[in-house]
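# Observations on chain architecture
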Amino acid sequence: MSSAVAKTAGGAGALPTPPAAPRKSVTGTRLWVAVLFLLPALVLLGALVVYPIGYSVWRSLFDASGSGFVGLDNYAEIFTDDATLVAVRNTAIWVAVAPALVTALGLIFAVLTERVRWGTAFKLIVFMPMAISMLAAGIIFRLVYEQDPDQGVANAVVTSVHDVFADESVYPKARPNAQVSDLRPSGGGSFTTEGAVRAGTPALLPLVGIAPNRLPGNPEDAKAPTGNGVTGTVWLDFRLGGGGEKGAVDRGEKALEGVKVEAVQDGKVVATATSGADGTFSLPESADGARLRLPGSNFAAPYNGIDWLGPALVTPAVIGSYVWMWAGFAMVLIAAGLAGVDRNLLEAARVDGANEWQVFRRITVPLLAPVLVVVLVTLMINVMKIFDLVYIIAPQPTQDEANVLALQLYLASYGGGGDFGLGSAIGVVLLLLVLPVMWVNIRRLRKERQR
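Now for a description of the structure that goes with this document. (Residues numbered from 1 in each chain as written. Predicted model: local features only at pLDDT ≥ 70, side-chain atom pairs only at ≥ 80, totals over all residues. Heavy atoms only, no water.)

## Looking at the pattern of salt bridges
Evaluation of the coordinates by the stated rule reveals seven salt bridges. Here arginine 343 and glutamate 114 are joined by a salt bridge, their closest N and O atoms 3.1 Å apart. Residue arginine 343 is located in helix α9 (residues 343-351), and its partner glutamate 114 is located in the loop between α4 (82-113) and α5 (119-127); the two are separated by 229 residues in the primary sequence. Overall, the relative accessible area of 33% leaves arginine 343 in the partly exposed class. The salt bridge involving arginine 350 is made with glutamate 347; its shortest N-O contact spans 3.2 Å. Linking arginine 350 with glutamate 347, this pair stays in helix α9, spanning three residues, or about one helical turn. (Salt bridge = Lys/Arg side-chain N within 4 Å of Asp/Glu carboxyl O. Helix = DSSP H or I, 4+ residues; strand = E, 2+ residues; numbered from the N terminus. Buried < 20%, exposed > 50% of the residue type's maximum accessible area, 1.4 Å probe, protein only.)

Below you can see the structure in the form of structure tokens.
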């Protein structure tokens, strides 16, 4: 019977095999329908992403004009040209410092805002810079870092703190009149008399270099010293309208109040005094026979703060503006992750005796690790293409010291260089630098989907 069934199945009388059904996707959609709907997106992807990448790779193999094939010479120039090497170094600094700093600051803000009463308002204030464009932020921080303390906020704060702990010079532009005074430069901005002072003989210390109407406060008229001790007068040996005798205290000439006077013998200071409102000063008897010195602190230029945009600090200064902009972004993402943390774990750790630092370091941070990685990777990709802030904030004299690869790409191609071959090569290098970070991000996303 079994053989008959076999014959029937294999013979001419066997039933025909039904045709295969059209292949469908897991969602039940035919393949050609899916391709039809994806085709516009694929065309845009090819036109806006694939083609530019391919063209950049091809263009990087040619010279500036695009007519001569140079192979890998443009890539070799990236690592031999001084300006491009500085850009590579600064880009590495950006990638190493800025994302870690922003992520750490965002983590601190996210944790602290859960413990303050006005946490939502604080988050709003910190996140507000994200609404500002890079151009506007660059202009803002160009003013913040202005050298003049009357204009730059950063130096206004620095100089205010400095002036609290350090005495400000009294008359920064004053100097002795060498024709009528025996005061001579003695190093460090100070001036010392050539002759010794004697009791009963007034010491006249005339100074010039300041306009009478530019003196601080309301100075009094200078007076000649009186008394039999070691005395003298410090005054401005000049008056508006001219006239008078040089080296003598004339009527209408203004006193210089607050000038420090030192009596020096054998290289040691034996006595000090400060000129009064009428310019006069009096030294003890121990100053008899000493030389008088006006320290450089009387004439030092006023402290104008830090040169934020100088060669040494321009890159950290620009990174500071980036942190100001993106700290809110990191805070919001980390706060969203923190909202999903099981509070029972935190309370259990506290019940077991862990302090707040231990809870933060051993519980909160490990639980937030996936979110922290997302923020860190996103910021690393973002800083590799940083351009706006550096171009706007860094002044022209120090722009070379603040240069980054994205800015060097622009300068090489459009900023007067006109070398599109080198610019394309820099663009390809930037792409190669971003690919490992993107690969890590894609791998992490796939692992999360498998959970």
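## Some thoughts on the sheet that holds strand β6 (residues 260-265)
Judged by pairing direction, the sheet is antiparallel, and its five strands sit side by side in the order β2-β3-β9-β6-β7 without closing on themselves. Looking at the sheet topology across the chains shown, the edges are occupied by β2 (183-185) and β7 (268-274). Neighbouring strand axes in the sheet, compared pairwise and without regard to direction, differ in orientation by 30° on average. Bridge count between β6 and strand β9 (residues 291-294): three bridges; the pairing is antiparallel. Following the sheet pairing, alanine 263 is matched in β9 by leucine 292. (Pairing = 2+ DSSP bridges. Axes fitted to C-alpha atoms, helices over the stretch in contact; angles between N-to-C directions.)

## Topic: the pairing of β9
Walk down a regular strand and you will see the side chains alternate between the two sheet faces. Residues of β9 alternate between two faces, with Leu292 and Leu294 buried on one and Arg291 and Arg293 left unburied on the opposite face. Pairing of strand β3 (residues 191-196) with β9, which is carried by three bridges, proceeds in the antiparallel orientation. Counterpart to phenylalanine 191 in the pairing with β9 is leucine 294.

## Brief notes about the sheet that holds strand β4 (residues 203-208)
Spatial strand order, β1-β4-β5-β8: four strands in an open sheet with mixed pairing. For this open sheet the edge positions go to β1 (175-176) and β8 (280-283), each flanked by a neighbour on one side alone. The pairing of β4 with strand β5 (residues 230-236) spans five bridges and is parallel. When the sheet's bridge partners are listed, leucine 204 is paired in β5 with threonine 233.

## Structural notes on the packing of α4 against helix α8 (residues 314-339)
Running from N to C, α4 and α8 point in directions that differ by 45°, and their axes come no closer than 6 Å. When the interaxial angle is binned, α4 and α8 end up oblique. Remark: the crossing between α4 and α8 carries right-handed chirality. Classifying every residue of the contact of α4 with α8 by side-chain character gives 21 nonpolar, four polar and no charged. (Parallel < 35°, antiparallel > 145°, perpendicular 65-115°, else oblique. Left-handed = near helix turned anticlockwise from the far one by under 90°. Nonpolar A, V, L, I, M, F, W, Y, C, P; charged D, E, K, R; others polar.)

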